[in-house]
Amino acid sequence: MQAAVPHPVPDRRGENFYACDAELQRLLPLYLPADLLRHMTPHFDRLGELAGGRLDELAGIADHHPPTLQVRSRSGLDEQRVLKHPAYVEMERLALSEFGLGAMSHRNETLGWQGPMPPIVKYVLTFLFVQSEFGLCCPVSMTDSLTRTLRKFGDPGLVERYLPRLTSLDFDELAQGAMFMTEQGAGSDIAATATEARRDENGAWRLYGDKWFCSNPDADLAMVLARPAGAPEGLKGVSLFLLPRHLEDGSANAYRIIRLKDKLGTRSMASGEIRLEGALAYLVGEPGRGFVQMADMVNNSRLSNGVRAAGLMRRAVAEAEFVARERRAFGRPLQDMPLMRRQLDKLRVPAEQARTMVFQTAQALARSDAGEPGAYALLRILTPLIKFRACRDARKVTGDAMEVRGGCGYIEEWSDPRLLRDAHLGSIWEGTSNIVALDVIRAVRRENSLPVLRDHNRVLLEQAELAPAYAQALSQALDGACALAEAAAREGGDVLARQAASALYHCTTAIAMSWEAWRTGSADRLRWAQLALRHRLLPRDPLSPEALPGAWG
């Protein structure tokens, strides 16, 4: 019997995204306790299987059947509803109910694990989930972040009223969250917020105004920035409010979804424009502290943005590697050709940098929440670093990975176009690149984060047994990046913010990846760290052939 000839167009469908990710499996023991890792491995494996199969199918269907807005019932009643495709609803059930991604950080039991779940578990699950579905991860992240902010700043009565639904895993009972912040005349300039909060005759707060870009607009609860009547101009006049979709009697609150956005990416998930027409809302925290309190929610979402960017890059790289391994041209596999090997490494390096940054930042978040000295300052700078650099890198990696597949990569039947479209949103949501780079410098100025970041990297360097010349090159690059950040933090140095943020990111990831490589014995990881250092931090002649210094080992 003649053997079947391999099909010339390789298709990765059905592969388990966890089981085939050797680097992820090598890294997890460094960041998770052994007993928790043993418990979570079957769940990671199940989600990896779903991501490579059923979840990917659902994501493709939902991407081609975006939600619509129904403004009236068939009998003419004013009953606004966002109509979601059943494929999207099934993904909601998987993310929010089966895996509890929006609630697990606020429960004492999830997925059979008793006790609080460390952030790394949530982010590993998100990393796997987002490789197939990006859009839904926005409502998941906002639900998680809203719950965190409500618990941290909300009145005990308000927390008691809404926390049970926010932390429920019952799909018919659980509540989703959102943040309504962006306005046409404000954007990233929160001080220009025009939405007004007024007291009614009963002393309750009522909101009036327009919010311009609201993802998950039909969420059960939303955090909203508004300026109480009579409050001063600027940031000090902005307060934070919790806005329920429905009132206690079950009737709709007084705000309308004016329309849904027709977006380049995240087509599966609804984003809309909101008009507040005297909607009942509850003050969260202290009046006039809205920006500070919302910043906590935004920073949590920014970390999630970085995780999602890392997941998108991992999917793009894995698809490119599969094609290069399985497709033959000119008598040999693509991966054996020198230019393709080089191209794959140019995809892998930023993807692996982002993966490392996810672990490092999630670990800092856990330490900060535990009250460890210095951990908040470290978290405060790592979060905008990953949001700034990983989200921008994802745009290029997804585009370049598309090229590896060739013409099929440009066809909507494959995952490549969806990855590319979705990747472009990461550097816009929760602050554009300029805003987030400036936030890195703000952490240097106000939180004294730079010495903490420098010390963190020094400890990793000291722990890793690296070739002396390579360790010295990393150390010198770190000194240079910190000096650049200090210059950016001085008066008039804002123009250096992006350059400094990139330098700090590349130094931190190169050092942390080298530490991971030493701990795991991964020669590939060490080589990628060296490439990050050489191509992102060290001076080089663009006209000379490139090679790693032999002394680096």
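What you see as residue numbers is a count from 1 along each chain, following the sequence as written. Totals for whole chains, interfaces and linings use every residue, but because this is a predicted model, local features are given only for residues with pLDDT of at least 70 and side-chain atom pairs only at 80 or more, for both listing and counting. Only heavy atoms go into the side-chain values, all of them from the structure, while hydrogens and water stay out.

Asks: Sorry, what's going on with the overall build of the chain here?
Replies: In this text, helices come from DSSP runs of H or I with a minimum length of four residues, and strands from runs of E with a minimum of two, each type numbered from the N-terminal end. Along its length, the chain carries 16 helices and 13 strands. Here the C-alpha radius of gyration of the chain, 24 Å, is about what a compact globule of 553 residues would show, namely 24 Å. Summarising its shape, the C-alpha atoms of the chain cover approximately 75 × 70 × 45 Å along the three principal directions. Only protein chains enter the accessibility calculation, which uses a 1.4 Å probe. A residue is then buried if its area is under 20% of the maximum for its type, exposed if over 50%, and partly exposed in between. For the chain, the residues scored as buried account for 57% of the 553 residues in total. Taking the intrachain contacts of the chain between residues at least 6 apart in sequence as the baseline, contacts between residues at least 24 apart amount to 73%. Exposure was quantified through the Shrake-Rupley algorithm and a 1.4 Å probe, taking into account, for residues, occlusion by the shown protein chains and nothing else. Of the accessible surface of the chain, which amounts to about 23,400 Å², a share of 51% is contributed by carbon and sulfur atoms. Here the chain contributes 68 positive and 68 negative side-chain charges, whose respective centroids are spaced 4 Å apart. Note that the radius of gyration is over C-alpha atoms, with the globule rule given as 2.2 Å times the number of residues to the power 0.38. Pairs of residues are marked as contacts when any of their non-hydrogen atoms sit within 4.5 Å. Two residue types count as positive, namely Lys and Arg, and two as negative, namely Asp and Glu; His and chain ends fall outside the count. To locate a charge, take atom NZ for lysine, CZ for arginine, CG for aspartate or CD for glutamate.

Asks: Any chance you could explain the nonpolar core here in plain terms?
Replies: By nonpolar core is meant a set of buried Ala, Val, Leu, Ile, Met, Phe, Trp, Tyr and Cys residues that side-chain atoms within 4.5 Å join together. Counting residues in each nonpolar core, the largest one holds 173 residues, and the members touching the most others are F44, L125, L385 and L504. Counting residues per element, this core draws most heavily on helix α8 (residues 290–326), at 14 residues. Beyond its immediate sequence surroundings of up to four residues, L125 is in contact with M40, H43, F44, L47, F99, L101, M104 and L111.

Asks: Could you clarify how one ought to interpret the packing of aromatic side chains in this entry?
Replies: Centre-to-centre distance and the angle between the planes together describe a pair of aromatic rings. Any two rings among Phe, Tyr and Trp, with Trp reduced to its six-membered ring, count as a pair given centres within 6.5 Å; such a pair is stacked if its planes are under 30 degrees apart, edge-to-face if over 60, and tilted if neither. Summed over the entire model, instances satisfying the criterion amount to seven aromatic pairs. Ring plane angle 70 degrees and centroid distance 6.2 Å describe the contact between Y31 and W515, whose orientation is recorded as edge-to-face. With Y31 in helix α1 (residues 22–31) and W515 in helix α15 (residues 497–520), the pair connects residues that are 484 residues apart, well separated along the chain. For Y31, a relative accessible area of 7% translates into the label buried. Among the residues examined, W515 registers a relative accessible area of 7% and is labelled buried.

Asks: Even after reading the chapter, I still don't get empty space enclosed by the protein, so can you show me in this structure?
Replies: Rolled over the atoms, a probe sized like a water molecule indicates the empty space that remains. Grid points spaced at 1 Å and placed over the protein atoms alone form the basis of the search, with a cavity being a set where a 1.4 Å probe fits but cannot get out and a pocket an open set showing protein on both sides within 12 Å along at least five of seven lines. Lining residues have an atom within 4 Å of a point. Grid points are joined across faces, edges and corners, and a volume is the space filled by probe spheres set on the points. In this structure the tally under the stated criterion is five cavities of 30 Å³ or more. Taken as a whole, the largest cavity holds about 80 Å³ of empty space. What lines the largest cavity is L101, K122, Y123, T126, C137, V140, S141, D144, N300 and S304. Among the secondary structure elements, those contributing two or more residues to the lining of the largest cavity are α5 (119–129), α6 (137–153) and α8. Its residues placed into classes, the lining of the largest cavity shows four nonpolar, four polar and two charged. Gly is placed with the polar residues, together with every amino acid not listed as nonpolar (Ala, Val, Leu, Ile, Met, Phe, Trp, Tyr, Cys and Pro) or charged (Asp, Glu, Lys and Arg).

Asks: Is there a simple way to think about the UniProt feature "domain: Adaptive response protein AidB N-terminal" (unreviewed entry) in the chain in this case?
Replies: Following the UniProt record, one finds the feature "domain: Adaptive response protein AidB N-terminal" (unreviewed entry) at residues 10–172. Between the C-alpha atoms that bound residues 10–172 there is a distance of 40 Å. The span itself is 56% helix and 6% strand. UniProt positions are given in the numbering used here, feature names are shortened, and annotations may be inferred rather than shown by experiment.

Asks: What am I meant to see in the environment of L235 here?
Replies: With respect to the secondary-structure elements, L235 resides in the loop between β8 (221–228) and β9 (239–244). Accessibility expressed as a relative area gives 36% for L235, which makes it partly exposed. L235 sits 53 residues away from G288 along the chain, and the two C-alpha atoms are 7.5 Å apart. The residues touching L235, leaving out its near neighbours within four places in the chain, are I190, A191, G288 and F291.

Asks: Sorry if this is basic, but what is going on with the pairing of β8 here?
Replies: A regular strand carries its side chains on alternate faces of the sheet. With eight of its eight residues buried, β8 lies for the most part within the structure. Side-chain alternation along β8 places L221, M223, L225 and R227 on one buried face and A222, V224, A226 and P228 on a second face that is also buried. Relative to β8, strand β5 (residues 177–180) runs parallel, the two sharing four bridges. In the strand pairing of β8, M179 is matched with M223. As defined by bridge partners, strand β6 (residues 196–199) adjoins β8 across two bridges and the pair is classed as parallel. The residue of β8 that forms the bridge with E196 is R227. By the bridge criterion, six bridges tie β8 to β9 in an arrangement that is antiparallel. For L221, the partnering residue across the bridge sits in β9 and is P244. By the convention used here, strands pair only if DSSP detects at least 2 bridges between them.

Asks: Teacher, can you tell me more about the environment of A270 here?
Replies: Residue position: A270 is located in the loop between β10 (255–260) and β11 (271–284). Remark: the alpha-carbon pair of A270 and R256, spanning 14 residues in sequence, is separated by 14 Å. In this structure A270 touches P67, V82, C214, S215, N216, P217, L260 and K263, once residues within four positions along its chain are discounted.

Asks: Help me out: how do you make sense of the pattern of salt bridges in this one?
Replies: Close approach of charged atoms allows side chains with opposite charge to pair. In the sections that follow, a salt bridge refers to a side-chain nitrogen of Lys or Arg positioned within 4 Å of a carboxyl oxygen of Asp or Glu. For the structure on display, the rule yields 51 salt bridges. For E15, the salt bridge identified is with R12, shortest N-O distance 2.6 Å. Using a relative accessible area of 4% as the deciding quantity, one classes R12 as buried.

Asks: How should I be thinking about a nonpolar patch on the surface in this particular structure?
Replies: Patch construction takes residues with relative accessible area above 30% that form no salt bridge. Like charges are linked within 9 Å, and nonpolar side chains (Val, Leu, Ile, Met, Phe, Trp, Tyr) are linked within 5 Å. Taken together, the side chains of L235, F291 and V292 make up a nonpolar region of the molecular surface, amounting to roughly 220 Å² of accessible area. Given the relative accessible area of 40%, V292 is considered partly exposed.

Asks: Hey, could you run me through the UniProt feature "domain: Acyl-CoA oxidase/dehydrogenase middle" (unreviewed entry) in the chain in this one?
Replies: Per the UniProt record, "domain: Acyl-CoA oxidase/dehydrogenase middle" (unreviewed entry) is annotated on residues 178–277. Note that residues 178–277 is 0% helix and 45% strand, and that its end C-alpha atoms are spaced 18 Å apart.

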